[in-house]
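Residues per chain are reported as follows:
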Amino acid sequence: MRLDQCGLCLEHKELRNSHLMPKALYKKLKGAFDGDDLVLNQSHDKSSLYSDFQVTSHFLCSECELRFSRLGENAVVSECHAGTDKFPLLERLKSAKQFASIRGERWFNPIQNDFPKIDCYLYFAASIVWRASAWPMAKNSNQRSLGSRYQEEFRRYLLGEQGFPSNAYLAVYVDTDEDIMPKVSFPTSSKKLGYHHHIFYIPGVKFSLVVGENVGEIKHLSSAEATKAFFISYSFKKHPDYQFMVRELLQEYKPKGRLAREQNV
């Protein structure tokens, strides 16, 4: 540990060696799948290799680390995909009542279905996107992607000083494929007309957070359904994201180490 300003509470305290993506996610991957065969895709040098590398930095104090775990991570990580027949969030959606079907995707209002832990999903998504934006090291992060205004709004929300930002909306996509691809990704952000779109993955779940004045249809759905979060069941392998990912990995990423040797056999 070392003494410095905590990124969240801004107080000078002993800082922990914080993880950009929760350490518990890597433990879950290694426990449910073959931990020796986890593949790391690095965007900064377009490489792929076998590794359980985790991005860390002295960034948060113990109290703020505990806040992230208690208000978001513990609940969400416990419900994501963890191998064969272990996907509590998907099981919940199977018995839920949808309010819309859009391009083959089933949309659920978590409030109408009495889903527990809705606030945990909002908090978890906000914590990951804010963490990437505020992260002190640029490598393998999405630094300053929220912009100064929203980065401060999210920080204050995460600290409990204000509510969830008014111009932010969350869609939680739950994979229904029989052979779910175990995937953890750092947040990526793209600028759209009137808003920013932030996406990241944990096993079996895609988080899609839109932030801005003109976010489109989800703002109207949020008003009509009286919720800031939606849950959607979908097939990742039938979604354009999957085809994009496959093309990118095959065409742009270069295998290294044991992965390269195995592909050349």
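Reference entry: report on the structure contained in this document. (Residues numbered from 1 in each chain as written. Predicted model: local features only at pLDDT ≥ 70, side-chain atom pairs only at ≥ 80, totals over all residues. Heavy atoms only, no water.)

**Notes on the overall build of the protein chain**
Scanning the protein chain for helices and strands turns up 8 helices and 13 strands. Within the protein chain, buried positions represent 51% of all 265 residues. In the protein chain, of all internal contacts separated by at least 6 residues, the share reaching a separation of at least 24 is 70%. (Helix = DSSP H or I, 4+ residues; strand = E, 2+ residues; numbered from the N terminus. Buried < 20%, exposed > 50% of the residue type's maximum accessible area, 1.4 Å probe, protein only. Contact = heavy atoms within 4.5 Å.)

**Some thoughts on the layout of surface pockets**
In this structure, the second largest pocket encloses a volume near 490 Å³. Lining the second largest pocket are 21 residues, and of these Arg103, Trp107, Tyr173, His197 and Ser208 lie nearest its centre. Listed by contribution, the elements that provide at least two residues to the lining of the second largest pocket are β7 (105–108), β8 (168–175), β9 (188–192), β10 (195–202), β11 (205–212) and α6 (217–225). Grouping the constituent residues of the lining of the second largest pocket by class yields 10 nonpolar, 5 polar and 6 charged. (1 Å grid on protein atoms, 1.4 Å probe; cavity = no way out; pocket = protein on both sides within 12 Å on 5 of 7 lines; lining within 4 Å. Points joined across faces, edges and corners; volume = space filled by probe spheres on them. Nonpolar A, V, L, I, M, F, W, Y, C, P; charged D, E, K, R; others polar.)

**Things to note about the sheet that holds β8**
Here we have 7 strands laid out as an open sheet, ordered β6-β7-β12-β8-β11-β10-β9, and mixed in their pairing. Sheet topology places β6 (98–102) and β9 at the edges, where each strand pairs with a single neighbour. When strand polarity is set aside, the average angle formed by the axes of neighbouring strands in this sheet is 25 degrees. In this structure, β8 lies alongside strand β12 (residues 229–234), joined through 6 bridges in parallel fashion. When the sheet's bridge partners are listed, Val172 is paired in β12 with Phe231. Contacts from helix α4 (residues 118–134) reach β8, β10, β11 and β12 within the one sheet, and its direction differs from that of β10 by about 105 degrees. (Pairing = 2+ DSSP bridges. Axes fitted to C-alpha atoms, helices over the stretch in contact; angles between N-to-C directions.)

**Details of the pairing of β9**
Judged from the 5 bridges that link them, β9 and β10 form a sheet pairing that is antiparallel. Directly across from Ser190, in β10, lies its bridge partner His197. Here β9 folds back onto β10, and the loop between the two strands holds 2 residues, one of which, Gly194, carries a positive phi near 100 degrees.

**Focus on empty space enclosed by the protein**
Evaluation of the coordinates by the stated rule reveals 1 cavity of 30 Å³ or more. Of the volumes computed, that of the largest cavity is approximately 70 Å³. Lining the largest cavity, in full, are Tyr173, Asp175, Ile180, Met181, Lys183, Tyr201, Ile202, Gly204, Val205, Lys206, Tyr234 and Phe236. Elements represented by at least two residues in the lining of the largest cavity include exactly β8, β10 and β11. For the lining of the largest cavity, the class distribution of residues is 8 nonpolar, 1 polar and 3 charged.

**Concerning the side chain of Asn109**
On the secondary structure map, Asn109 appears in the loop between β7 and α4. A distance of 2.9 Å separates a polar atom in the side chain of Asn109 from the backbone oxygen of Glu225. (Polar contact = N/O pair within 3.5 Å; in protein donor to acceptor, adjacent residues only side chain to side chain.)

**Concerning the environment of Asp241**
Relative to the elements of secondary structure, Asp241 occurs in helix α7 (residues 240–251). Not counting residues up to four positions away in its chain, the partners in contact with Asp241 are Tyr201, Lys206 and Phe236. A polar contact of 2.6 Å, which involves the side chain of Asp241, links it to the side chain of Lys206.

**Overview of unusual backbone geometry**
Residues other than glycine seldom take positive phi values, yet Arg103 does so here, at roughly 50 degrees. Locating Arg103 in the fold gives a position in the loop between β6 and β7. For Arg103, a relative accessible area of 76% gives the class exposed. Phi is positive for Ala226, which is not a glycine, with a value near 55 degrees.

**Examining the nonpolar core**
Where a protein is soluble and globular, its nonpolar side chains tend to be buried together. Judged by nonpolar contacts, the single largest core of 60 residues is most densely connected at Leu8, Trp130, Phe154, Val172, Phe200, Ile202 and Phe207. For this core, the element with the highest residue contribution is α4, accounting for 13 residues. Those residues in contact with Leu8, other than ones at most four positions away along the chain, are Leu60, Cys64, Arg67, Phe68, Trp130, Arg155, Leu158 and Leu159. Counting 18 residues, the second largest nonpolar core, distinct from the first, contains Ala171, Val210, Ile218 and Ile232. (Core = buried A, V, L, I, M, F, W, Y, C linked by side-chain atoms within 4.5 Å.)

**What to know about the state of the cysteines**
Going through the model one piece at a time under the given rule, you end up with 0 disulfides. Considering cysteine sulfurs only, Cys6 is the nearest to Cys9, which forms no disulfide, with 3.7 Å between them. Residue Cys9 is classed as buried on the basis of its relative accessible area of 14%. You can see Cys61 has no disulfide; the closest cysteine sulfur is in Cys64, sitting 3.7 Å from it. Residue classification places Cys61 among the buried residues on the basis of a relative accessible area of 0%. (Disulfide = S-S within 2.5 Å.)

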